[in-house]
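Residue-level structural notes
Letter by letter, the chains look like this.
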Amino acid sequence: MRGVRLAAIATSLLLLAGCEASGSLVIAADDKVKVDVTAWAEVGEEVSVDEYGNETALPPRPGCEYLSIQVEGLIASSEVDAKNPKRVGCHWTGVTTVEALQSVEPGAGTLTQSDSRTIILVNRDFFKQSTQYLPDASIRPVFDLSVTFPGQVLEHDEASTLSGTTVRWSDTVALSKTGMRVASVRPGDHPSPPSLLPVFGAGGLVFGGAAAGLVIAGRRGRRRLAPSASDQIDSQPDADAPVPAEVEPEPVSEPPETPEDHSVWAPDADR
Amino acid sequence: MHPRRRWAAALAASAALLCLGGCTVDATFVIHADDTVTVDVESWQRMDGVVFDQEGNVVPADEQGCSNLKHFLPGLQYETLTAASDFVPVIGCRATGTTTLAAIDGRTPLVHVGDRYVLFASPTWRQNFANDVSVPPGQKARPAHLSITFPGPVESTDSSATVDGTTVTWSDIRPSVDVSTAGGMVFLTPLQAIAYEAPNPFVTGLISALGAIVGAAAVVGFVRRRRKNGPGR
């Protein structure tokens, strides 16, 4: 059994960024993942205090220092919102692998794989946290994330839209009700347990053969012990062409057995 | 809300499961093909002076044992358990009964997605059990134990699980660390399992029936051939 692989870059990025993120993840059939994601966080003001207690405002730290996620194969570059200097971001680009992403703390969700499925799960509570403190219902965190899977998408949550094999989320309020939930097919898919159907088929084969054998043996036995008119009628269709030839061996073999039975019971008769 | 506080709140929300102040559980879930779940959970936790429920209300001392289980596993029968303790006062709860995956969706890390059943319990979730609360002496519950029986065969699990038939068992769900082979990084590991749905009864029946017909036909054909060949010998 192949172990479950774990990757969680998307959810971790979201978690760290307070749910503001945009970009895409493209998962290839060979488990390589093309990443182009920017996450944002609004940082609080940091000040330095000198020996006299005077405070001096410090410039915001670079976004990638604040959102410190390093993944093999990805290049991280810091960004600052031109309209709001306190809003810093980090932009990750490049190609990595599902395996390389395993080192990222999964947090509230996961991108996981089995042999036959790729699954994304993020708890809706995570998105609730990011939306319940908004001062205005019309304000929605910047969020536009798409994930392209290597195979058919079997199920996706109601907060997402599906185009081909790409699932896209752009509404955190909707996500706060559903969470992220996607199941897609991996190459080499097994729609059902691969070993069970042949087992059931073989079981049926054995059962059918055994049942037919028992029926045939039962008919023969009845014929041997008490060949009735009905048995003879029943046996005629089975006999096909060589009817006389088949009937003949039975009387030859049966009568010698009858005396043997008497000898077996003889001791009881002596008692 | 400050981003870091928001992050912390999100972590707390994802961590909130079964017990908040640290506890130990012995949990058994049996998932049926119709997505009903038979549950048998026993939890033990410290008895604290003031406990708040998920809505922020103060929980009376005698209800502390079951308040979390009632929230995360609603619709079951609950029994408060008490035990003498020489050191830390503890209180327990046993929740039993049948619920549905839909009823516990988002409250437990168990989901039915696509045609698979998935358990994903994050390292943060496992932090619930990172404490020294233990099952009181004389109680039968197994400490930090989780067992899930799926309707269909198990496709994959994390390395800490054991599989017996369609049942996956974790004998110690407390947080554990793993060392990445790439770079020697240390990271916390989640609990994971993915299982198939129950075999489709129609497909299974059809294949079994076809097998039976083929088997019966083969035997009948074999007998007839023997009969036909018999006179010639």
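Worth saying up front: this structure is predicted, and the values here are computed from it rather than measured.

Residue and element names in this part refer to chain A. W92, I120, F149, W169 and M180 are the most contacted members of the largest nonpolar core, which totals 36 residues. The element that contributes the greatest number of residues to this core is strand β3 (residues 32-42), accounting for five residues. Excluding residues within four positions of it along the chain, F149 makes contact with I27, T118, I120, T165, V167, V182 and S184.

Before going further, it helps to spend a moment on the state of the cysteines. All names here are of chain A. For the structure on display, the rule yields two disulfides over all chains. A sulfur-sulfur separation of 2.0 Å characterises the disulfide bridge that pairs C64 with C90. Taking the torsion about the sulfur-sulfur bond, which here is approximately 95°, the covalent link between C64 and C90 counts as right-handed. Of this pair, C64 sits in helix α2 (residues 63-66) while C90 sits in strand β7 (residues 87-97), placing them 26 residues apart in sequence.

Glancing now at the pairing of strand β9 (residues 145-149) of chain B. Residue and element names in this part refer to chain B. With five of five residues buried, β9 is to be regarded as a mostly interior element. Every second residue of β9 is oriented toward a common face, with H145, S147 and T149 on one face and L146 and I148 on the other, all of them buried. Of the strand pairs in this sheet, strand β1 (residues 23-31) and β9 are connected by five bridges, and their pairing is parallel. Across the sheet, T28 pairs through a bridge with S147, a residue of β9. Across four bridges, β9 lies against strand β12 (residues 167-170) in antiparallel orientation. Residue pairing for β12: I148 is matched across the bridge by V168.

According to UniProt, the feature "transmembrane region" (unreviewed entry) maps to residues 202-223 of chain B in the numbering used here. What you have in residues 202-223 of chain B is 100% helix and 0% strand, and the ends, taken at the C-alpha atoms, are 31 Å apart.

In this description, an aromatic ring pair is defined by two values, namely the gap between the centres and the angle between the planes. Residue and element names in this part refer to chain A. Taken as a whole, this structure holds one aromatic pair over all chains when the rule is applied. With a centroid separation of 6.0 Å and 85° between ring planes, the pair formed by F127 and F143 is classed as edge-to-face. Residue F127 is found in helix α3 (residues 124-131), and its partner F143 is found in strand β10 (residues 143-148); the two are separated by 16 residues along the sequence. The exposure classification of F127 matches that of F143, with both residues buried.

This part covers helix α2 (residues 64-72) of chain B. Most of α2(B) sits inside the fold, with seven of its nine residues counted as buried. Listed as buried for α2(B) are Q64(B), G65(B), C66(B), S67(B), N68(B), L69(B) and F72(B).

What follows concerns the sheet that holds strand β7 (residues 110-113) of chain B. Strands belonging to one sheet form pairs held by backbone hydrogen bonds; the direction of such a pair is parallel or antiparallel. All names here are of chain B. As summarised here, the arrangement of the four strands in space is β7-β8-β15-β10, forming an open sheet in which the pairing is antiparallel. Both outer strands of the open sheet, β7 and β10 (154-157), are each paired with one neighbouring strand and no more. Pairwise comparison of adjacent strand axes, ignoring direction, gives a mean angle of 15° for this sheet. Direction of pairing for strand β8 (residues 116-121) relative to strand β15 (residues 191-196): antiparallel, over a ladder of six bridges. Paired with F120 across the bridge in β15 is Q192.

A separate point is the confidence of the model for chain A. Residue and element names in this part refer to chain A. Confidence in the prediction for chain A averages 74 pLDDT; 66% of positions are at 70 or higher. Low pLDDT, under 50, characterises residues 1-17; the stretch is placed with 84 contacts to residues that sit more than four places away or in other chains. Considering only residues more than four positions removed or in separate chains, one finds that residues 243-247, a stretch of pLDDT under 50, has three contacts.

Definitions and limits used
- Residues numbered from 1 in each chain as written.
- Chains lettered and ligands numbered in written order.
- Predicted model: local features only at pLDDT ≥ 70, side-chain atom pairs only at ≥ 80, totals over all residues.
- Heavy atoms only, no water.
- Core = buried A, V, L, I, M, F, W, Y, C linked by side-chain atoms within 4.5 Å.
- Buried < 20%, exposed > 50% of the residue type's maximum accessible area, 1.4 Å probe, protein only.
- Helix = DSSP H or I, 4+ residues; strand = E, 2+ residues; numbered from the N terminus.
- Contact = heavy atoms within 4.5 Å.
- Disulfide = S-S within 2.5 Å.
- Pairing = 2+ DSSP bridges.
- UniProt positions renumbered as here; feature names shortened; annotations may be inferred.
- Phe/Tyr/Trp six-rings, centres within 6.5 Å; stacked < 30°, edge-to-face > 60°.
- Axes fitted to C-alpha atoms, helices over the stretch in contact; angles between N-to-C directions.
- pLDDT = per-residue confidence, 0-100.

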